[in-house]
Amino acid sequence: MHWLFSILLIIVGALAAYSGIVRNWPNFRQGLDKIVPYQGWFGIVALVWGAINLLQILLHFGVFTLGPTVWLVLAIVANVVAVLLGLLLGYGLIAQYLLTNSPDARRKGEEMRARIAPRQMALGWVAIVLGILGLLLPILM
C-alpha cells in the first residue's frame with residue numbers, strides 16, 4: 001500500500017469511528033472536529049482511490065500473485081474498506097450532485113447506504129488498523 005493511501009485510510013477510519021474514538025480518547029475530539037466538515041470529500045477520495053486500486057489489482061492479478069499473498073490480501077481488504085467507507089462518508093455529496101435527477105437511483109443508493117451504515121464503526125476501526133499496518137509493514141520488512 002502506498003503511504004498516502006494508508007494515511008487516507010486512517011483519516012476516513014477515524015471519521016467513521018468518530019464516536020468510539022471520542023468516547024475512548026476525548027483529547028482527539030478537537031482534531032477530529034476540524035476535519036469532520038470535510039468528511040464527504042475524504043469519502044469521495046477514498047471511494048475513487050479504492051475503486052481504482054481494486055481495478056488495478058483485478059487487471060494485474062497474475063503479477064500480484066507472484067509476491068507475498070499477505071500483501072495481496074491486505075491490499076484487497078484495504079481497498080474494499082476504502083470503497084465502503086467512501087460510499088458512507090461521501091454519500092451526502094454523491095446524492096447531492098449525482099443522484100438528484102433520478103429518484104430510482106437515489107432510492108437504491110439509500111438502500112445500499114442503509115445496509116452498510118450499521119457496520120460503519122467496525123469498518124472505521126478496520127481502516128485505522130489497516131492504515132497503520134500499511135505504514136508500519138514496509139518499515140518492518
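Q: How should I be thinking about the nonpolar core in this particular structure?
A: Counting residues in hydrophobic clusters, the biggest one holds 19 residues, and the most contacted among them are Phe 5, Leu 9, Val 12, Val 81, Leu 85, Leu 123 and Leu 130. Of all the secondary-structure elements, those providing two or more residues to this core are α1 (3–16), α6 (69–97) and α8 (120–140). Sorting elements by how many residues they give to this core places α6 first, with seven residues. Val 12 has contacts with Phe 42, Ala 46, Leu 85 and Leu 89, leaving out every residue within four places of it along the chain.

Q: For this particular structure, what's the right way to read a nonpolar patch on the surface?
A: Together, Trp 3, Leu 4, Ile 7, Ile 132, Leu 135, Leu 136, Ile 139 and Leu 140 line one region of the surface with nonpolar side chains, adding up to about 780 Å² of accessible area. Secondary structure elements with two or more residues in the nonpolar patch: α1 and α8. With five residues, α8 is the largest single contributor of residues to the nonpolar patch. Its place among the elements puts Trp 3 in helix α1. Classification of Trp 3 by relative accessible area gives exposed; the value is 51%.

Calculation criteria
- Residues numbered from 1 in each chain as written.
- Predicted model: local features only at pLDDT ≥ 70, side-chain atom pairs only at ≥ 80, totals over all residues.
- Heavy atoms only, no water.
- Core = buried A, V, L, I, M, F, W, Y, C linked by side-chain atoms within 4.5 Å.
- Buried < 20%, exposed > 50% of the residue type's maximum accessible area, 1.4 Å probe, protein only.
- Helix = DSSP H or I, 4+ residues; strand = E, 2+ residues; numbered from the N terminus.
- Contact = heavy atoms within 4.5 Å.
- Patch = residues over 30% accessible without salt bridge, like charges linked within 9 Å, V, L, I, M, F, W, Y side chains within 5 Å.
- Areas by Shrake-Rupley, 256 points an atom, 1.4 Å probe, with all protein chains shown as cover.
- Salt bridge = Lys/Arg side-chain N within 4 Å of Asp/Glu carboxyl O.

By themselves these figures say nothing about function.
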